[in-house]
Amino acid sequence: MTPATVTENPAPQVQQSTTEGTFQVVERTKKRKGKMKTNIDLNTIRKPPALPRFVLKDSATSEEYPKLWKSFWAELRNKIKNPRLAVHKNRTKGPTILVPDNKDTLDALRENTLVLEIIPRKPRLTLKGLDSSLKDEEVIQELLDCNPELGLTETDAQDIRVAYHSGPRSGTVTNFVLEVSPEILRRIEGKKAYIGGIRSTLSLNHSVSQCFKCQKYGHTSKNCREEEMTCRNCAGSHDSRTCQIKEFKCCNCKGKHKASSDSCPTKTAALKRLAKRTDFSQPLTTGTTDKEQ
């Protein structure tokens, strides 16, 4: 008799992002059912490269927006006969964003007095679990002095700054988020570093701000223009901290999860937009675009 064949269930594989696969799309199923972790594939969303972007001054607060737009358009047409650009109105009642579709329009916008060019966001790295008593300048100096294998110099330190702290506000440890140049990112991303004697990994930070008032992404409650609060748990018109409803509902995608869930497609889209606005040293060029940058 032929012995029975036993098929073993393969162990679940977990994909890990690398320096080359930054923001790789990974769906990682954790022990808790339904809990997914979503990251972004940078190589996919950076094709074509992100275009320069401009903001129309006072477009978020002007009471005479048509007049403002007419003045802007008249000045632009004085510089170029046939301007080509994509116009995006912020959904949170924010300013008007302008994206040129060719180099002539780009040059004309840079000479326009009614717009401001948006400088690309620098990439960020997170150091987790460091001593919360450390000062920002101490962290940068320790990065240089105590980690010679990273090859960082005093000149490199000028391109490194602490953007903010994350994690619990009270406690002995905190996370430091560093803003670095694209060149330094390529050299140290994913490597280990000792800060104050504590080992931490220089991992790419891809968090996106979320307003706890309206639950939308891309801004905080300080800049929120919505009048009523929206619950993060059930999408109701009340404070999330007072919610008593046990069934989750996302106010952004209407899915059965919290508005802050990593599996939410709205959050994934926000992370993609953030990555497109980040300078990973790919050249900024112009060209036709149909999508919001």
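The structure presented is a predicted model; accordingly, all values stated were derived computationally and were not measured. (Residues numbered from 1 in each chain as written. Predicted model: local features only at pLDDT ≥ 70, side-chain atom pairs only at ≥ 80, totals over all residues. Heavy atoms only, no water.)

### A few points about the overall build of the chain
Scanning the chain from N- to C-terminus turns up seven helices and 10 strands. Here the chain holds 293 residues, and the buried ones make up 39% of them. Long-range contacts, defined here as pairs at least 24 residues apart, represent 57% of the contacts in the chain between residues at least 6 apart. Here the chain has roughly 18,400 Å² of accessible surface; of this, 49% comes from carbon and sulfur atoms. (Helix = DSSP H or I, 4+ residues; strand = E, 2+ residues; numbered from the N terminus. Buried < 20%, exposed > 50% of the residue type's maximum accessible area, 1.4 Å probe, protein only. Contact = heavy atoms within 4.5 Å. Areas by Shrake-Rupley, 256 points an atom, 1.4 Å probe, with all protein chains shown as cover.)

### Thoughts on the packing of aromatic side chains
Across all of its chains, the model carries two aromatic pairs by this definition. Relative to Phe72, the ring of Trp69 lies with its centre 5.1 Å away and its plane at 50°, an arrangement referred to as tilted. Taken together, the positions of Trp69 and Phe72, both in helix 2 (residues 65–79) and three residues apart, correspond to about one turn of that helix. A relative accessible area of 0% places Phe72 in the buried class. With centroids separated by 6.1 Å and ring planes inclined at 15°, the aromatic side chains of Trp69 and Trp73 adopt a geometry described as stacked. Placement of the pair is Trp69 and Trp73 together in helix 2, with a separation of four residues, close to one helical turn. (Phe/Tyr/Trp six-rings, centres within 6.5 Å; stacked < 30°, edge-to-face > 60°.)

### Side note on the pairing of strand 9 (residues 198–201)
Relative to strand 9, strand 8 (residues 192–195) runs antiparallel, the two sharing four bridges. Bridge pairing in strand 9 places Ile195 opposite Ile198. Connecting the antiparallel pair strand 8 and strand 9 is a turn made up of two residues, with Gly196 showing a positive phi of about 60°. (Pairing = 2+ DSSP bridges.)

### Details of helix 7 (residues 265–276)
With 12 residues, helix 7 should cover 16 Å at 1.5 Å per step; its first-to-last C-alpha distance of 17 Å lies within 8% of that length. Those residues of helix 7 that fall on the buried side of the exposure criterion are Lys267, Thr268, Ala270, Leu271, Leu274, Ala275 and Lys276. (Expected span 1.5 Å × (residues − 1).)

### Here we look at the UniProt feature "domain: CCHC-type" (unreviewed entry) in the chain
UniProt's entry tags residues 211–226 with the feature "domain: CCHC-type" (unreviewed entry), counted in the numbering of this structure. A helix fraction of 0% and a strand fraction of 0% characterise residues 211–226, whose end C-alpha atoms lie 10 Å from each other. (UniProt positions renumbered as here; feature names shortened; annotations may be inferred.)

### Some remarks on the side chain of Arg121
Locating Arg121 in the fold gives a position in the loop between strand 4 (115–118) and strand 5 (124–131). In this structure, Arg121 is buried with no salt-bridge partner, the nearest side chain bearing the opposite charge being Glu179 at 5.7 Å. Those residues within four positions of Arg121 in sequence are excluded, and the remaining contacts are Asn205, Leu274, Arg277, Thr278 and Asp279. (Lys, Arg positive; Asp, Glu negative; His and termini not counted. Salt bridge = Lys/Arg side-chain N within 4 Å of Asp/Glu carboxyl O.)

### Thoughts on the sheet that holds strand 7 (residues 173–180)
With antiparallel pairing, the four strands of this open sheet are ordered in space as 6-7-5-10. Sheet topology places strand 6 (160–166) and strand 10 (203–204) at the edges, where each strand pairs with a single neighbour. Across six bridges, the pairing between strand 6 and strand 7 is antiparallel. Note that in strand 7 the partner of Val162 across the bridge is Leu178. Sheet contacts for helix 4 (residues 136–145): strand 5, strand 6 and strand 7; angle to strand 6, the most-contacted strand, approximately 125°. (Axes fitted to C-alpha atoms, helices over the stretch in contact; angles between N-to-C directions.)

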